[in-house]
Amino acid sequence: MLPIDPEPLVELRGITKRFGHLVANDGVDLTIRRGEVHALLGENGAGKTTLMRILYGLTTPDAGDIVVDGRPIVIRSPRDAIAAGIGMVTQHFSLVRPMTVAENLALGRSSFRYDEAAARARARDASVRYGISVDPGRRVGDLSVGEQQRVEILKALARDCRVLVLDEPTAVLVPQEVTALFATLERLVADGLGVVFISHKLGEVRAISDRVSVLRKGALVGTAAGATDERELARMMVGRPMTDLARRGDAPIDVDRPLLRVRDLRVTGAGVDALRSVSFDIAPGEILGVAGVSGNGQTELVDVLAGMRRPEAGSIRVGDTELAGARPSQIIAAGVGRIPEDRHASLVPDLSVAVNLVLERIDDFGGWARLDERRIRAHAAGLIERYAIRARPDDRLATLSGGNVQKVLLARVLSRDPRVVVVSQPTRGLDVGATEYVRSELLARRQAGSAVLLVSEDLDELLALSDRVIVLYEGQIVGEMRAEEADPERLGMLMAGRAADHDGRAA
Amino acid sequence: MTLGIRSVRAPRWRTLALSTPGLVLTALLITFLLTAGPIAIAGGNPLSAYAEFLVVPLTSRFSILEVLVTATPLLLTGTAVALAFRGGYWNIGAEGQLLVGAIMAAAIGQVAGLPQILAIPLMILGGAIGGALWALGPALLRVRFGIDEVVTTLLLNPVALLLVNALLHGPWRDPVSGFPESPRIVESAEFPQLLERSRLHLGFGVAILIVAAVGYVVGRTPAGLRLRAVGLSPHGAKFAGIDVGRTLLFTALVSGAIAGIAGVGEVAGIQYRLTSGLSPGFGYTGIVVATLGALSMPGVTLAALLLGDLAVGASSAGRALGIPSQLGAVVQATLLLVTIALLAIRRNRLVGSAIAPDAAGVAADAVAADMAVSPVEADEASR
C-alpha cells in the first residue's frame, strides 16, 4: 500500500442536516485521503447514509462545507459530485435492468450517437484497466447482485472518480463475493483511490479499513485507526445505556409457565432463511428484548407473530393455543396484541380515529345491519382520554402526528388487556414526551402480567425495558442474557456477528 | 424524477371550489371553458349549446322524464362500479354483467303463465344472479391467485356480448320476423310504468332503492365498514383481522348483481326483449358516473342524472342547433377528465413545485400513507 498522503482528497466540515425535528447529521467533520479505505460505522439511523448522500449531491446540507483538493465546492446534484471526482454506489443500484452492461456504462455520457460496438470496447477497456471483470454484452437484469455491484463500481470508476462511496456494499453479497470485493478494493486503493465504506459490521470494517469514523445519533463520536479493538468500536457505536427509566416492583418471574412459547420457527424470505430455528419463551410479567441490526430477521419474526406471514415450520403457542400460521383474527382472539414498526400500514389512515380504534372488533359495536356509531364514538372518546391522544374521534387518522398515531395503535391493542404483546420499534420517530409515555405503558403491561416481546434498534430502550435480551443475527438467536448483565459492548459484538467466542462469555 | 410535492394551506376560494357541491359547479365551469372552442368551431354558439345540453331537457315534462329514463341504467351501473371501487375491487366488467343480467331477464320473461307478482321479482333476482355469476370468475382469480381483475373483468365484456349474439342468432331468433331479437317477454313480466304517458318504468324506482340501500350498507353497517377498510388499506384491514379475500368476493358479487339488475330494467322496462343493441355502453358509462360522483351515492345519483340530462340534451341539440350530437360525448369526456383532475387535487391538497429531492422524499413519504393508492404504491405494484 502507498504511504497515506496527508493531503486530504475530500473534506467535510461541520455538515448538518435536519429532517423536521430529527437531526440526521450534527456538525460532522470527516476527511477522506488518497489511497485509504475509510469506514463509516454506526447503527441504523446514525446518519451514515445521509452524510454520504450529501457528499454525492443526493441531499443538500443545511450547513457545512465540502472541500475537494483544498478548494470549497458546492455540490447540488450527483452531476456536480461526479465532476468533482466523487462516485457512489447506493444500496439500491441505479442500473437500467433491461439494458446491457455496455449500455449502462455509456448512460450519462453526453454524445448524440450511441455506438454499441464502441461502447462495448470502452466497457472492455475499463474492465481490464480496473481489473473488474464484467461481460459488456449481458443484460444487467440477468446478472447476480454481486455482478451488478461490479457494474456499479465500474460505472463510477469509468467516470474518473477519485473517491468512491460504497453504502453497505456487503449487505447484499454472499461471503465469497465479499472476499472478491475486498480484493478489488485493495487493488484500487493501492492505485490511489479513496474509498468510503459504510457498514455496521465490525468484522468487515476491521478487515478492510485504514481508518474508522463512528457516527451515533447524527454526531461524529470519533475517528480511529482501522485496527482499533472491536470492543472499543462497539462501545463507540452503541454508547452507554441510559438508566433513568426504572422498573418498579420486580416481581419474581415464573419462567416455568411461559405465556408465549416459540419453537423452531423457520421463515423463508427471498430464497434465504430469514429465520432459522428460532425458539424462546416469555413468562407472564416478562419483557423479552430482541436486539439486532435491522434485516436480521426481526421484521419476519414480528410478521409471523402478528399473523401477517406464514412460517415454513415451527410452533407458536399462547397458553394452549397453537398459532403458527393462524389468521390475524385468530391471533387477536387468542389475546395477542400487536404493535408493529410500520404503524400506518397497520391502521387504515383514511378512516377516522374512532373507527380505527374498533377495527379489530367491529362485531362488538352493532349487529350485522347497523354499526352503533354512538358507542364507537364514546369508546373512542374514552380511549383518547385514557391514552392522552391529541385528536377527536372523527378526525381522519392520517391527519395525526406520528406520536398520536402510535398512541391510537397502542390504545387499540392495550385496551383489550392482551395476554401477549408483540411490539416493534415502539418509539421510533416519536418525540421525547411520547417516547416516555409509550415506554411507561409497556412497563404497565408487564406489571399487569402480560408477556411482552420487544423488538427495538434503540439499545438504550431495549436494555432499560427488558428483563431478558436475545440477539438475532442472520435469522438466528446468537446470544441471550439477562438485561442487567448485558452491556452495550457485548451486545454490539453479537449484533455485528462477532459471537464472542474468544472470551467465551456469549453464544 | 424530481417533481417535488409539498402541502400548502389552501386559500379559501380553493376550499370552496373543492367542497362537494362546489366541485360539481367548478367542474362544469371549467368544462364549459374547455369545450367552448370545439363547439364554436362546429358552428354553434357555445352558450346556447350549453343551454341546449343542460337546461332545455329540464324544461318540459316529457324531456324530464326522458332524462330519468336515461339515467336509470346509469344509476345502477354507476352504483355497481362505485361500490366495487370503494372496496378496492376494480370492476370494469359492469357492461358484461349488465348483458348477462339482461339474458336472464329475457329468459325468465319469456315464461308464460307467471303472475306479475312472481314474474317481476323473479326477473330481478335472476338478473342479479346472472350479473353476480359473470363477476364470480374474475373475483375468484383475483382472490385465489392475485390475477388483476381490471383485465379479466374487462375482457369478459365482449364475451358477454358474443353470448347475447349467439342466443339472438340461434335459439332465440324471433320466430315471426326472423330478426336477431329474442321473442317478446310476456305481458305479466313487463315493468309497469310509474307515470301515465311516459317511458318511466319500475326500474327507476328499483334503482333509487338500490342506490339508497348501497349508501346505507357501505356507510352504516359492519359489512360496509369492512368493505371500506379493505378498499382504503388492504394491509391495515388484514392486520385488524378482516378477511380481505372474503370481503373482496362479497364486493365483486354484489357489484355484479347490481349491474345485472341494470340489464333487467332495459329488457323489462324499455325493450321488452333482448336485442344486441340493448346497451350503448351503460356499463362503461357507469365507470364515468362512479368517478364523477366521487364514489359516493349522492354523487353517483347526481352524476347519473347529469349524464342523462346531457344525453337527452345532446340528441336534441343536434336537431335544434345543427351541430353534431357527438359534441355531447366531447362534453361528457371533458367533464370526466376535469372532475378526475379536481378530485385528485382535493385528495392530495398538494401543489407541484420543484424542490430539493430529499425534502420531496420526506414529503412523499408523509403523504404516501395519506393516499389510498399513492403513486409510490402504484409504482411498486406495477413492478
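Residues numbered from 1 in each chain as written. Chains lettered and ligands numbered in written order. Predicted model: local features only at pLDDT ≥ 70, side-chain atom pairs only at ≥ 80, totals over all residues.

Moving on, we get to the overall build of chain A. Helices and strands together make up the secondary structure of chain A, namely 17 helices and 20 strands. In terms of principal-axis extent, the alpha carbons of chain A reach across some 75 × 55 × 45 Å. The buried share among the 507 residues of chain A stands at 48%. Of the contacts made within chain A by residues no fewer than 6 positions apart, 66% connect residues no fewer than 24 positions apart. (Helix = DSSP H or I, 4+ residues; strand = E, 2+ residues; numbered from the N terminus. Buried ≥ 20, exposed ≤ 12 C-beta atoms within 10 Å, placed from the backbone. Contact = placed C-beta atoms within 7 Å.)

The subject of this paragraph is the overall build of chain B. The secondary structure content of chain B amounts to 16 helices and two strands. Per-residue burial for chain B yields a buried fraction of 46% across its 383 residues. Within chain B, contacts between residues separated by at least 24 positions form 77% of all contacts whose residues are at least 6 apart in sequence.

So, on to the sheet that holds strand 2 (residues 22–33) of chain A. Residue and element names in this part refer to chain A. If you walk across this open sheet you meet the four strands as 2-1-4-5, and the pairing is antiparallel. The two strands at the open ends of the sheet, each matched to only one other strand, are strand 2 and strand 5 (71–73). The mean inter-strand angle of the sheet, taken between neighbouring strand axes irrespective of direction, is 25°. When strand 4 (residues 63–68) meets strand 5, the two strands line up antiparallel, connected through three bridges. Note that in strand 5 the partner of Val 68 across the bridge is Arg 71. Where helix 1 (residues 48–55) meets the sheet, its contacts fall on strand 1 (8–19), strand 2 and strand 4, and the angle it forms with strand 1 comes to roughly 120°. (Pairing = 2+ DSSP bridges. Axes fitted to C-alpha atoms, helices over the stretch in contact; angles between N-to-C directions.)

Glancing now at the interface of chain A and chain B. Taken together, the contact pairs 28 residues of chain A with 24 residues of chain B. Looking at the side of chain A that touches chain B, the elements with two or more residues in it are helix 10 (328–333) and helix 11 (343–346) of chain A. For the side of chain A that touches chain B, the per-class residue count stands at 18 nonpolar, six polar and four charged. (Nonpolar A, V, L, I, M, F, W, Y, C, P; charged D, E, K, R; others polar.)

A few words now on the nonpolar core. The tendency in soluble globular proteins is for nonpolar side chains to be buried side by side. With 259 residues, the main nonpolar core has Leu 453, Leu 454 and Val 471 of chain A as its most contacted residues. With residues near it in sequence (within four places) discarded, Leu 454 of chain A still touches Ile 287, Leu 288, Gly 289, Val 290, Val 423, Leu 442, Leu 462, Leu 465 and Ser 466 of chain A. (Core = buried A, V, L, I, M, F, W, Y, C linked by C-beta atoms within 7 Å.)

All names here are of chain B. Close contact between helix 5 (residues 94–109) and helix 6 (residues 116–145) brings their axes to 7 Å; oriented N to C, the two are set at 145°. Considering the relative orientation of helix 5 and helix 6, their crossing is right-handed. Here Gly 96, Gln 97, Leu 98, Val 100, Gly 101, Ile 103, Met 104, Ala 105, Ile 108 and Gly 109 of helix 5 come into contact with helix 6, specifically with Leu 122, Met 123, Gly 126, Gly 127, Ile 129, Gly 130, Gly 131, Leu 133, Trp 134 and Ala 135. Residues that form the contact of helix 5 with helix 6 fall into these classes: 12 nonpolar, eight polar and no charged. (Left-handed = near helix turned anticlockwise from the far one by under 90°.)

All names here are of chain A. Overall, mixed pairing links the six strands, which are arranged 6-7-8-3-9-10 in an open sheet. Bordering the open sheet on either side are strand 6 (86–89) and strand 10 (219–225), each of which pairs with just one other strand. Taking the axes of each pair of neighbouring strands and ignoring which way they run, one obtains an average angle of 20° across the sheet. Two strands pair when backbone bridges link them, and strand 7 (residues 163–167) and strand 8 (residues 194–199) are joined in this way by five bridges, in the parallel orientation. Along strand 8, the bridge assignment pairs Val 163 with Gly 194.

As a further point, take helix 4 (residues 61–86) of chain B. Residue and element names in this part refer to chain B. In a regular helix each residue adds 1.5 Å, so 26 residues correspond to 38 Å; helix 4 covers 35 Å between its end C-alpha atoms and thus fits that length. The axis of helix 4 is deflected most strongly, by about 35°, at Ala 71, and proline Pro 73 appears within four residues downstream. Burial within helix 4 is extensive, with 20 of its 26 residues counted as buried. Phi for Gly 88, located one or two positions after helix 4, is positive at around 75°. (Expected span 1.5 Å × (residues − 1). Bend = angle between axes of the 7 residues up to and from the residue.)

Turning our attention to the packing of helix 4 of chain B against helix 8 (residues 202–220) of chain B. All names here are of chain B. Where helix 4 meets helix 8, the closest approach of the two axes is 9 Å, and the angle between their N-to-C directions is 20°. As judged from the angle between their axes, helix 4 and helix 8 are roughly parallel. Handedness of the crossing formed by helix 4 with helix 8: left-handed. In contact with Leu 68, Thr 72, Leu 75, Leu 76, Thr 79, Leu 83 and Arg 86 of helix 4, helix 8 contributes Gly 203, Phe 204, Ala 207, Ile 210, Val 211, Val 214 and Val 218. (Parallel < 35°, antiparallel > 145°, perpendicular 65-115°, else oblique.)

To continue, consider the pairing of strand 17 (residues 420–424) of chain A. Taken across its five residues, strand 17 of chain A has five buried, putting it largely inside the fold. Residue alternation in strand 17 of chain A divides its side chains into two sets, Val 420, Val 422 and Ser 424 of chain A and Val 421 and Val 423 of chain A, and both sets are buried.

Residue and element names in this part refer to chain B. Counting all residues, the mean pLDDT for chain B is 85, and 85% of those residues have values of 70 or more. In this model, residues 1–10 is a region of pLDDT below 50 whose contacts with residues beyond four sequence positions or in other chains number 24 contacts. Scored below 50 in pLDDT, residues 350–383 shows 43 contacts in the model against residues more than four places distant or in partner chains. Note on the complex model: pTM 0.74, ipTM 0.80. (pLDDT = per-residue confidence, 0-100.)

Quick look at the pairing of strand 18 (residues 451–455) of chain A now. Residue and element names in this part refer to chain A. Within strand 18, five of the five residues are buried, which leaves it mostly tucked inside the rest of the structure. Here strand 18 shows two buried faces, one formed by Ala 451, Leu 453 and Val 455 and the other by Val 452 and Leu 454. Summarising the sheet, strand 13 (residues 287–291) and strand 18 pair through four bridges and their orientation is parallel. Bridged to Gly 289 within strand 18 is Leu 454. Of the pairings in the sheet, the one linking strand 17 to strand 18 comprises five bridges and is parallel in character. If you follow Val 420 over to strand 18, its bridge partner there is Ala 451.

Here we come to the environment of Gly 295 of chain A. Residue and element names in this part refer to chain A. On the secondary structure map, Gly 295 appears in the loop between strand 13 and helix 9 (298–306). Owing to 15 C-beta atoms within 10 Å, Gly 295 belongs among the partly exposed residues under this scheme. Along the chain, Gly 295 and Leu 397 lie 102 residues apart, while their C-alpha atoms are 29 Å from each other.

Moving on, we come to unusual backbone geometry. Residue and element names in this part refer to chain A. Positive phi outside glycine occurs at Asp 264, with the angle close to 50°. Relative to the helices and strands, Asp 264 is located in strand 11 (residues 260–269). If you check the backbone angles, Gln 425 has positive phi at about 45° while not being a glycine. Note on placement: Gln 425 falls in the loop between strand 17 and helix 15 (432–447).

The next thing to look at is helix 8 (residues 230–238) of chain A. Residues and elements named next belong to chain A. Leu 233, Ala 234, Met 236, Met 237 and Val 238 are the residues of helix 8 that are buried. Along its buried surface, helix 8 packs onto strand 3 (37–41), helix 7 (202–208), strand 9 (211–216), strand 10, helix 16 (459–465) and helix 17 (488–495). Immediately beyond the C-terminal end of helix 8, within one or two residues, lies Gly 239, with a positive phi of roughly 80°.

All names here are of chain A. Turning to its location among the elements, Thr 49 is positioned in helix 1. You can call Thr 49 buried: it has 22 C-beta atoms within 10 Å. In the structure, Thr 49 is positioned 247 residues away from Asn 296 in sequence and 19 Å away in space, judged by C-alpha atoms. Excluding anything up to four places from it in sequence, Thr 49 contacts Asp 167 and Ile 198.

Residues and elements named next belong to chain A. Within the secondary structure, Val 195 is located in strand 8. Along the chain, Val 195 and His 344 lie 149 residues apart, while their C-alpha atoms are 38 Å from each other. For Val 195, the contacting residues outside a window of four places in its chain are Val 37, His 38, Leu 164, Leu 166, Leu 185 and Val 189.

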